[in-house]
Amino acid sequence: MDLSEFQFDLPEQLIALRPVEPQDSARLLVVHGDGRLEDASVRDLPRYLAAGDVMVFNDTRVLPAALKGVRPARDEAGQDVVCDVNLTERMDDHCWRALARPGRRLKEGDTIIFAEGFTAEITDRPEGGEIELTFSLAGDELTAALEAHGAMPLPPYIARRRPADARDRETYQTKFAGDDAASVAAPTAGLHFTPRLLAEVDAAGIARETVRLHVGLGTFKPLEASQLEANRLHEEWRRLTPEVAAGLNAARADGHRIVPVGTTAMRTLESCVDVEGVLHPATGPTDIFLKPGDAVRATDALVTNFHLPGSSLFMLVCALMGTETMQAAYAHAIANEYRFYSYGDACLLLP
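Remember, predicted model here, so these are calculated numbers, not experimental data.

A word on the pairing of strand β1 (residues 27-32)
Link 1 in the chain: Across the six residues of β1, five count as buried, placing the element largely inside the fold.
Link 2 in the chain: Note: β1 against strand β2 (residues 37-41), five bridges, orientation antiparallel. The residue of β2 that forms the bridge with Arg27 is Ser41.
Link 3 in the chain: Counted along the chain from β1 to the antiparallel partner β2, the turn is four residues long, and its residue Gly35 has a positive phi close to 95°.
Link 4 in the chain: In this sheet, strand β17 (residues 346-350) lies alongside β1 in parallel orientation, the contact comprising five bridges.

Describing the nonpolar core
Link 1 in the chain: Counting residues in hydrophobic clusters, the biggest one holds 47 residues, and the most contacted among them are Tyr172, Met326, Phe340 and Leu349.
Link 2 in the chain: Secondary structure elements with two or more residues in this core: β1, α3 (156-159), α9 (312-321), α10 (323-335) and β17.
Link 3 in the chain: The leading source of residues in this core is α9, at eight residues.
Link 4 in the chain: Sequence-distant contacts of Phe340, defined by excluding residues within four places in its chain, comprise Phe8, Leu10, Leu14, Ile15, Ala16, Phe306, Tyr330, Ala333 and Ile334.

Comments concerning the sheet that holds strand β16 (residues 302-305)
Link 1 in the chain: Pairing is mixed across the open sheet formed by four strands, whose spatial order is β2-β1-β17-β16. What marks the edges here is a single partner per strand, and that holds for β2 and β16. The average angle at which neighbouring strand axes cross in this sheet is 25°, direction not considered.
Link 2 in the chain: Set on the sheet, α10 makes contact with β1, β2, β16 and β17; between it and β1 the angle comes to about 150°.

Looking at a negative patch on the surface
Link 1 in the chain: Together, Asp92, Asp93, Asp140 and Glu141 give the surface a local cluster of negative charge.
Link 2 in the chain: Mapped onto the elements, Asp93 comes out in the loop between β6 (81-92) and β7 (95-101).

Describing the packing of aromatic side chains
Link 1 in the chain: Under the counting rule described, the total for this entry stands at 16 aromatic pairs.
Link 2 in the chain: An angle of 40° between the planes, with centres 5.3 Å apart, marks the rings of Phe114 and Phe118 as tilted. This pair shows no difference in class: Phe114 is buried, exactly as Phe118 is.
Link 3 in the chain: Relative to Tyr343, the ring of Tyr172 has its centre 5.9 Å away and its plane inclined at 80°; by these criteria the two rings are edge-to-face. Linking Tyr172 in the loop between α4 (166-171) and β11 (181-183) with Tyr343 in the loop between α10 and β17, this pair joins segments that are 171 residues apart in sequence. We note that Tyr172, like Tyr343, is buried.
Link 4 in the chain: One aromatic cluster in this structure is built from Phe8, Tyr157, Phe306, Phe314, Tyr330, Tyr338, Phe340 and Tyr341.

Rules and cut-offs
- Residues numbered from 1 in each chain as written.
- Predicted model: local features only at pLDDT ≥ 70, side-chain atom pairs only at ≥ 80, totals over all residues.
- Heavy atoms only, no water.
- Buried < 20%, exposed > 50% of the residue type's maximum accessible area, 1.4 Å probe, protein only.
- Helix = DSSP H or I, 4+ residues; strand = E, 2+ residues; numbered from the N terminus.
- Pairing = 2+ DSSP bridges.
- Core = buried A, V, L, I, M, F, W, Y, C linked by side-chain atoms within 4.5 Å.
- Contact = heavy atoms within 4.5 Å.
- Axes fitted to C-alpha atoms, helices over the stretch in contact; angles between N-to-C directions.
- Patch = residues over 30% accessible without salt bridge, like charges linked within 9 Å, V, L, I, M, F, W, Y side chains within 5 Å.
- Areas by Shrake-Rupley, 256 points an atom, 1.4 Å probe, with all protein chains shown as cover.
- Salt bridge = Lys/Arg side-chain N within 4 Å of Asp/Glu carboxyl O.
- Lys, Arg positive; Asp, Glu negative; His and termini not counted.
- Charge placed at Lys NZ, Arg CZ, Asp CG, Glu CD.
- Phe/Tyr/Trp six-rings, centres within 6.5 Å; stacked < 30°, edge-to-face > 60°.

Written out as structure tokens, the structure reads:
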């Protein structure tokens, strides 16, 4: 498979730096399996689904994982170093992997001070440019310190253009986020669902369920040829409970559609389904990598945002709809100036 098949040119001005207000007023491109395209609004979603269909949301909570700290001078002649740290993966209650700038000036054994009583020691520098931080706080105390001193970890294509601010605390968190803050990126398709839109979904008889997948840095990493060859992505922790699995299996048995909201919800379901299309509960890591030619067994439709060219997420939607169909859909979106990526517009994919 040639990665060039999944490239496209996106004008920079179509990258959304803020969501529309209200967030359910975003545009919606409806993509049908026969190639038909419809321009609609996110508020139109209920009319494309039927009573008894089940929308599946990822209820993970985004941690304010972007920190600014100081690495004190190592000796009297040295200088303090101001550091930008972005947490990427939780290792245990007090240890995280992170990206840090300026990385070349940080060494194993250094301490970074974020606030009084809130510090971290660099305990490892694994390959790949990340560092490993062991914090002075753990568990709920660490979470509280991050909430107090951290900022929302905006995706690189936004963070390069503006800093995170107080508004992002609300707009970059879904309305149904649970109590386990461990994601370092939002399940962004869910950001469109305001209380008003959720009420309209409920009024239409469309059911709602939740799964949980903690979104990691790999969401934004460029896809590497080695990942394509190994047919595996970065690992992310996911959970499908017995109750939700049973409910989704029953809905499908009754002829209703399962509609994940976002690629993280879809990856969770597809990592928990057998060859007969039966979902099984699971908790733990998944590194599932869906691309054209792979079987899609648990997804009957998908609500998703527009994805980066050459990314595993664009390959995922091509696995569901076909590469030619999705390239045509994205070309239409670009020509009609849809807004792209995390704070952008949405697609409804109907195979």
